[in-house]
Amino acid sequence: MVSTRNFVDYRNKLILAPMVRVGTLPFRLLSLRYGADIVYTEELIDWKLLKTTRKINEVLGTVDFVDESDGTIVFRTCAEERERVVLQIGTSCAERALQVGKLVEGDVAALDVNMGCPKEFSVKGGMGIALLNNAENAKNVLKTLVAGLSIPVTCKIRIFSDIEKTIALVKEFEEIGISAIAVHGRTRQERPRHKVHADMIQKVVENLNIPVIANGGSNEIKTHEDIFKFKSSSGASSVMIARAAQWNPSIFQDAPLLPLDDVIKELLKLSILFDNSPSNTKYCIQMMLRELQETPRGKKFLECQTLEEICEIWELGAYCREKQLEYQERGSIGRRNVIP
Ligand code: FNR
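Residues numbered from 1 in each chain as written. Predicted model: local features only at pLDDT ≥ 70, side-chain atom pairs only at ≥ 80, totals over all residues. Heavy atoms only, no water.

Caption draft 1: Representation of the overall build of the protein within the structure. Scanning the protein for helices and strands turns up 15 helices and 12 strands. Relative to the compact-globule value of 20 Å for 340 residues, the protein shows a C-alpha radius of gyration of 20 Å, a close match. Overall, the C-alpha framework of the protein stretches about 55 × 40 × 40 Å when taken along its three principal axes. Of the side chains in the protein, 45 bear a positive and 45 a negative charge, and the two mean positions are spaced by 3 Å. (Helix = DSSP H or I, 4+ residues; strand = E, 2+ residues; numbered from the N terminus. Rg over C-alpha atoms; globule rule 2.2 N^0.38 Å. Lys, Arg positive; Asp, Glu negative; His and termini not counted. Charge placed at Lys NZ, Arg CZ, Asp CG, Glu CD.)

Okay, structure coming up:
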């Protein structure tokens, strides 16, 4: 069954980066509809996924990975993204990573291992950048996944300040058989405001045969064309975008940016359609509004307690009520409506 699937081609692609709390189903679908070729999920921690049960949601047309202890949907996906969604895991353990891979391999296009996150939570657990700093374990995780899964395996790294060390390690990763590598052109110590080292990404590109996905360019990506400036400055095969997409995912369109109100409306429609958690939808909109949260309308938005209230602001209240009623009547897994 798996052999009939198309394999992900990582060359010459525009990619939505993994982003915690942003890369949920509505945001991923919106990015795809605007022109992203591949979309990464938010980082999902291995043991959290391993607590879930896979369920088909007939009403929504989704596959849900549900933590039955509290009903949390840890990962929701659907057919529209199946050949283009890459699930990113946070892991420090080859066996757990493989179990996750086995759990999801029929529902996603590929599996990515986070080897770049510098946040305390990840590092304490040996994940993210801590995994990159533990080369033997990182290689073991990748080897185990490549050997055990039928879908492509990739990883996302940061660069070391020693570029030779970076190159030596990514060459070993390539030999293991990963299908592509995303390189965030900053070191562990560097923050998003720091300039990205496109020249260092280029050094990685020059030393590998697998596709390299350049990441870290959002400070200079204000228009769709800017994506290609970053691409050519890094020499990479593909580009992965986080913040510029978080601010306005219509950056993926080969056209001027759409007005935020139009984009928010589309996100709301998808959030209603896929019964997204209201607090997650609110968070994604906050990330788009940024300083506009200070306006009277922004303040009204911040006070919203339900998806319906949010939808009212963008004139989608009636659609929201209608769909929620329909889902209730059809017995879809109900969501807590009030934002905590
Ligand atoms: C991130 N980033 C990130 N990286 C990762 O590998 N897994 C993740 O879950 C997250 N989560 C996340 C959340 C948010 C809100 C942001 C802004 C960033 C890092 C991200 O994928 C990317 O590497 C950096 O943001 C640099 O790329 P840009 O923003 O310059 O395009």
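Caption draft 2: Focus on the domain arrangement of the protein. Once the domains are mapped, the protein shows domain 1 (2-252) and domain 2 (260-329). Spacing between the C-alpha centres of domain 1 and domain 2 amounts to 27 Å. With 21 residues of domain 1 at the contact, the number on the domain 2 side is 18 residues. Considering only the surface of domain 1 that becomes buried against domain 2, Arg21, Pro26 and Trp247 emerge as the three largest contributors, covering 34% of it. (Domains from an automatic or database assignment. Contact = heavy atoms within 4.5 Å. Buried area = accessible area lost by both parts, 1.4 Å probe.)

Caption draft 3: The site of the ligand, seen in detail. Around the ligand, a shell composed of 17 residues is seen, among which Gln88, Lys156, Asn215, Ser218 and Arg243 lie nearest. Take His184: an N or O atom from its side chain is 3.3 Å from an oxygen atom of the ligand. With respect to the ligand, the backbone of Gly217 contributes an N or O atom lying 3.4 Å from an oxygen atom. (Near = heavy atom within 4 Å. Polar contact = N/O pair within 3.5 Å; in protein donor to acceptor, adjacent residues only side chain to side chain.)

Caption draft 4: The arrangement of the sheet that holds strand E4 (residues 52-57) in detail. Pairing is antiparallel across the open sheet formed by three strands, whose spatial order is E4-E5-E6. Both outer strands of the open sheet, E4 and strand E6 (72-78), are each paired with one neighbouring strand and no more. Neighbour-to-neighbour, the strand axes of this sheet turn through a mean angle of 25 degrees, independent of strand direction. When strand E5 (residues 62-67) meets E6, the two strands line up antiparallel, connected through six bridges. Its bridge partner lying in E6, Asp67 is registered against Thr72. Running at roughly 25 degrees to E6, helix H1 (residues 25-34) makes contact with E5 and E6 of the sheet. (Pairing = 2+ DSSP bridges. Axes fitted to C-alpha atoms, helices over the stretch in contact; angles between N-to-C directions.)

Caption draft 5: Region of interest: the environment of Leu44. Topologically, Leu44 is positioned in strand E3 (residues 44-45). A sequence separation of 30 residues divides Leu44 from Val74, and the C-alpha atoms of the two residues are 7.8 Å apart.

Caption draft 6: Local environment of helix H7 (residues 163-176). With 14 residues, H7 should reach 20 Å at 1.5 Å per residue; the first-to-last C-alpha distance of 20 Å fits that figure. For H7, every residue scored as buried is listed here: Ile163, Thr166, Ile167, Leu169, Val170, Phe173, Glu174 and Ile176. Elements that come into contact with the buried residues of H7 comprise strand E8 (110-115), helix H5 (129-132), helix H6 (135-148), strand E9 (153-158), strand E10 (180-184) and helix H8 (198-207). The distance from a side-chain oxygen at the start of H7 to the backbone nitrogen of Glu164 is 3.0 Å, and the residue carrying that oxygen is Asp162. One or two positions beyond H7, positive phi appears at Gly177, with a value near 110 degrees. (Expected span 1.5 Å × (residues − 1). Buried < 20%, exposed > 50% of the residue type's maximum accessible area, 1.4 Å probe, protein only.)

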